[in-house]
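Each chain, letter by letter, is given below.
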Amino acid sequence: QVQLVESGGGLVQPGGSLRLSCAASGNIFSINVMGWYRQAPGMQRELVATITRSGNTNYAHFVNGRFTISRDNGKNTVYLQMNSLKPEDTAVYYCYMQLLLPTMTTYRDYWGQGTQVTVSS
């Protein structure tokens, strides 16, 4: 059984910072892309950032240099450091990983259950 567990969400004031973590557990053969998505109430889930196995990153335009995604391959963990947070960043943030399990021949998308980030004064 594979699980992606997020942590680090919470309430923060505008301009504040938050660091999200997501660790995958279970019998995992390989992890390709890791990333973070978010979903605000009434909105579609949208990509925030991704990071490849070798560390190449991609960010949504709204990040505008405020966030940094990183990963620790040895720990099967992805992080999202969020600075200069804005009220419009308020959303449930979901961890995403492309995983290859020992019984699989193709990578499959896995998702965490989400962690709430609220930016409000």
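Look above for the structure.
All figures in this text were calculated on a predicted structure; none of them were measured in a lab.

Engineer: Would you explain the pairing of strand E1 (residues 3–7) in this entry?
Structural biologist: Remember that side chains alternate between the two faces of the sheet whenever the strand is regular. Burial along E1 is one-sided: the residues Leu4 and Glu6 are buried and none of Gln3, Val5 and Ser7 is. Sheet topology note: the E1/strand E3 (residues 18–25) ladder contains 5 bridges and is antiparallel. Residue pairing across strands places Gln3 opposite Ser25, the latter belonging to E3.

Engineer: What is the right way to read the state of the cysteines from this model?
Structural biologist: Covalently bonding the sulfur atom of one cysteine to the sulfur atom of another cysteine gives a disulfide. The tally for this structure, following the rule as stated, stands at 1 disulfide. The partner cysteine of Cys22 in its disulfide is Cys95, sulfur to sulfur 2.1 Å. Sign of the S-S torsion, about -85° for the bond between Cys22 and Cys95, identifies this disulfide as left-handed. Highlighted residues: Cys22 in strand E3 and Cys95 in strand E9 (residues 91–100), separated in sequence by 73 residues. Across this residue pair, the class does not change: Cys22 and Cys95 are buried.

Engineer: Help me understand the packing of aromatic side chains, please; the structure alone is not making it clear to me.
Structural biologist: Remark: the centre distance and the inter-plane angle together describe each pair of aromatic rings, the angle taken between the planes. Counting across every chain of the model gives 3 aromatic pairs. Relative to Trp111, the ring of Tyr37 has its centre 5.0 Å away and its plane inclined at 70°; by these criteria the two rings are edge-to-face. Of the two residues, Tyr37 is situated in strand E4 (residues 30–39) and Trp111 in strand E10 (residues 108–111); the sequence distance between them amounts to 74 residues. When its relative accessible area of 18% is taken as the criterion, Tyr37 is described as buried. Given the relative accessible area of 35%, Trp111 is considered partly exposed. Summarising the aromatic geometry, the rings of Tyr96 and Trp111 are spaced 5.1 Å apart at their centres and angled 50° between planes, so their arrangement reads as tilted. Here the residue Tyr96 occupies a position in strand E9, and Trp111 occupies one in strand E10, the gap between them amounting to 15 residues.

The rules behind the values
- Residues numbered from 1 in each chain as written.
- Predicted model: local features only at pLDDT ≥ 70, side-chain atom pairs only at ≥ 80, totals over all residues.
- Heavy atoms only, no water.
- Buried < 20%, exposed > 50% of the residue type's maximum accessible area, 1.4 Å probe, protein only.
- Helix = DSSP H or I, 4+ residues; strand = E, 2+ residues; numbered from the N terminus.
- Pairing = 2+ DSSP bridges.
- Disulfide = S-S within 2.5 Å.
- Phe/Tyr/Trp six-rings, centres within 6.5 Å; stacked < 30°, edge-to-face > 60°.

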